[in-house]
Each structure stands twice: as C-alpha cells, then as structure tokens.
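# Analysis of the macromolecular model
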Amino acid sequence: MQMGQAKITYLVHSGFSVETANHFLLFDYCPSMDRTPQITAEFLRTKENVYVFASHSHGDHFDAAILKWAEANPAIQYVLSTDIRVKDGRQKCQFMNPYEQWRDGELVVRSFGSTDAGISFWLDVDGLAIFHAGDLNWWHWSGETQAERDYADRYFFEEMDLLPKQPLDIAFFPVDRRLEENYALGAEYFAKKMQPKLLVPMHFGADFAATAAFKQKVAGTGLATMEISRKGQVIDFPVV
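Right, let's walk through the structure included here. (Residues numbered from 1 in each chain as written. Predicted model: local features only at pLDDT ≥ 70, side-chain atom pairs only at ≥ 80, totals over all residues. Heavy atoms only, no water.)

## Here we look at the overall build of the protein
Under the convention used in this document: Helix and strand definitions here come from DSSP, where helices need a minimum of 4 consecutive H or I residues and strands a minimum of 2 consecutive E residues; each element is numbered from the N-terminal end. Computation of the radius of gyration draws on C-alpha atoms alone. For the globule rule, the value is 2.2 Å times the number of residues to the power 0.38. Summary of the burial criterion: residues with accessible area below 20% of their type's maximum are buried, those above 50% are exposed, and those between are partly exposed, where the area comes from a 1.4 Å probe applied to protein chains only. The contact criterion used is simple: two residues touch if any of their non-hydrogen atoms lie within 4.5 Å. The protein chains shown are the only cover counted for residues, whose accessible areas, like all others here, come from Shrake-Rupley with a 1.4 Å probe. Neither His nor the chain ends contribute to the count of charged residues, in which Lys and Arg are positive and Asp and Glu negative. Note on charges: their place is set at NZ of Lys, CZ of Arg, CG of Asp or CD of Glu.
When you go through the protein residue by residue, the secondary structure sums to five helices and 13 strands. Expected size for 240 residues packed as a compact globule is a radius of gyration near 18 Å; at 17 Å, the protein falls within 12% of this value. Overall, the C-alpha framework of the protein stretches about 50 × 40 × 35 Å when taken along its three principal axes. Per-residue burial over the protein gives 53% buried out of 240 residues. Within the protein, counting contacts between residues at least 6 apart in sequence, those at least 24 apart form 60% of the total. Surface accessibility of the protein: about 10,900 Å² in total, with carbon and sulfur atoms responsible for 49%. Distance between charge centroids for the protein: 3 Å, based on 23 positive and 32 negative side chains.

See below:
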C-alpha cells in the first residue's frame, strides 16, 4: 500500500480498522458487540505497528477484552481516553485528555473534545489526516427541553470551532437515527465545515439503513460517503 492510501474495514457500531502504508489502526472496537469477532489476539499476533484507540469508557466504544490482545502481541500500543481504567498495567498505554498531542514515530495523535464522554481523535499518519469523532455529535434529542437543546447546540458548535483548519482525508462521524429527524444534523454540519474527502457514517448500531438514508440525503452536496450494508465491509481510500 502506498502513502496516502488506506484500507478501511467496518467492524461494528463505531468500530473500524484502518490499514495504512505502515500502520494498523483500530478505533472503538468492542468484540462483545460482534457476534463473531473479526479482530482477535491471534489475528494481531504478527501484525506490526498496531495502534488501538478507544475514545471513552462507554460499553459501545470500549471493551476491556481488547486489552488481552497484548498477551499475544506485547508491541500493541493503546491510546485511550483518561476516563478508561486499566488495572493490570501490562499494556503499553497512552492516556489522553482533550486538546493534547502525542507522537510516536511518524504517527501524530491530537485529541479533541466530545459532546458526551471522553475525546475524539485526529491522526496524521502515512500521508493521511484521519478523524474519529467518538461520541462527538450534535445530540439534538426531540424529547429535551428548549434549554437543553440550546445547551447541546452551543456545546457542539464550540467543539467544532476547536477542530483544526486543515485538510482532512477520512472522517468517522455518528449518523444515529435514535435522534429521529435530527439524525444527520451533526454529520452534515461537520461535513460542511471540515470538508473531508470521505465521511464514513458510524454509531448506527444494527441500523445499516441509516447509512443508505444518509447517503441519499447528502446526494448532490459533493460529500463522498459510504452506504454500509454489512460488518466486514471494506472501503478503499481514495474512493474511485
């Protein structure tokens, strides 16, 4: 694989693997949500430059089972939000608060905020800029009071204004139809502001149809996105 290219695999919910020219990246993967886990310790045993990210401690973004992978491959580097507790200390862990930077060789990780728990991740790696939102979203719930909605609006806009003003290749962002008619508010705003070359929907649980609805909704806007129809689906970047 060449610099600036990536092989993206949808795992489950907000979990993805991203293989770049020199790195193997895993984001917010929870094996317990995956009936037949696609990423296992055995799979990772011989992988090199493996980085495992978890944006926060919620059970749909962090699964303690991923820490056991280090038994098979002690070189795995974990990059975790500080709200995640690791008890045994045998893993290589880098803990991050919002608005910090960490570098490991050619990989640069910047953490940004969330409008729920934990952090979001911006990576510069192998000629790519990659963003994983975690639970950063415009959580505009229909059952909330006007005051709660106003707060959610301000919180989201504030976090959006803190993101880098620089080109972005791949973004993973929530498209969650529990928000009903507001399910795409955050993703559309993010796409317009950040103009990623590819926005990959996530946080839709088993509602694969949400990704098809989103793709149709943004048709004609110039946003490149993907309809995800099954776990294990592979997306090649750049998209041809």
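Structure shown, so let's carry the discussion forward.
## Some words on the state of the cysteines
The criterion, for reference: Here, a disulfide means two cysteine sulfur atoms that sit within 2.5 Å of each other.
For the structure shown, the criterion picks out zero disulfides. Lacking any disulfide linkage, Cys30 is separated from the closest cysteine sulfur, that of Cys93, by 16 Å. Overall, the relative accessible area of 1% leaves Cys30 in the buried class.

## Looking at the nonpolar core
Our working rule: The criterion is simple. A nonpolar core is a set of buried Ala, Val, Leu, Ile, Met, Phe, Trp, Tyr and Cys residues joined through side-chain atoms within 4.5 Å.
Within the largest apolar cluster, 57 residues are counted, with the highest numbers of intra-cluster contacts made by Phe53, Leu123, Ile130 and Phe190. Other than its neighbours up to four places away in sequence, Phe190 contacts Phe131, Met160, Leu163, Leu168, Ala171, Phe173, Gln195, Pro196 and Leu199. Counting 19 residues, the second largest nonpolar core, distinct from the first, contains Ala54, Ile66, Trp69 and Tyr78.

## Some points on the sheet that holds strand 12 (residues 198-202)
We apply this condition: Here, a strand pair is defined by DSSP locating no fewer than two bridges between the strands. Axes, fitted as lines to C-alpha atoms, cover a helix only where it is in contact. Angles between the N-to-C directions of the axes lie from 0 to 180 degrees.
The six strands lie next to each other as 7-8-9-10-11-12, forming an open sheet whose pairing is mixed. For this open sheet the edge positions go to strand 7 (101-104) and strand 12, each flanked by a neighbour on one side alone. Averaged over all neighbouring strand pairs, the angle between strand axes comes to 20°, with direction disregarded. As judged from the five bridges shared by strand 9 (residues 120-125) and strand 10 (residues 128-132), these two strands associate in the antiparallel manner. Within the sheet, the bridge partner assigned to Phe121 lies in strand 10 and is His132. Those strands touched by helix 4 (residues 185-194) are strand 9, strand 10, strand 11 (170-174) and strand 12, and its axis lies near 155° from that of strand 11.

## Some words on the pattern of salt bridges
Pairing between side chains becomes possible if they bear opposite charge and their charged atoms approach one another. As a reminder of what qualifies: Within this document, salt bridges are pairs made up of a side-chain nitrogen of Lys or Arg and a carboxyl oxygen of Asp or Glu, the two lying within 4 Å of each other.
Scanning the entire structure with this criterion turns up seven salt bridges. Close ionic contact of Arg177 with Asp207 constitutes a salt bridge, the shortest N to O distance being 2.8 Å. Separated by 30 residues along the polypeptide, Arg177 in the loop between strand 11 and helix 4 and Asp207 in the loop between strand 12 and helix 5 (209-217) bring together distant segments of the chain. What makes Arg177 partly exposed here is its relative accessible area of 35%. Its relative accessible area of 25% is what places Asp207 among the partly exposed residues.

## Structural notes on the sheet that holds strand 6 (residues 92-96)
Strand order across the open sheet formed by seven strands is 6-5-4-3-2-1-13, with mixed pairing between neighbours. Every interior strand has two partners, whereas the edge strands, strand 6 and strand 13 (234-237), have only one. Each neighbouring strand pair of the sheet contributes to a mean axis angle of 20°, computed without reference to strand direction. As defined by bridge partners, strand 4 (residues 50-54) adjoins strand 5 (residues 77-81) across four bridges and the pair is classed as parallel. For Val52, the partnering residue across the bridge sits in strand 5 and is Tyr78.

## A look at unusual backbone geometry
Residue Phe237 is joined to Pro238 through a cis peptide bond whose omega torsion reads 0°. For Pro238, the position within the fold is in the segment after strand 13. Unusually for a residue other than glycine, Tyr99 sits at a positive phi of about 70°. Along the chain, Tyr99 falls in the loop between strand 6 and strand 7. On the basis of relative accessible area, Tyr99 is assigned to the partly exposed category, the value being 44%. One non-glycine residue, Glu180, lies in the positive phi region at around 60°. By the secondary structure assignment, Glu180 is in the loop between strand 11 and helix 4.

Everything listed here is a matter of coordinates, which is why it stays silent on function.
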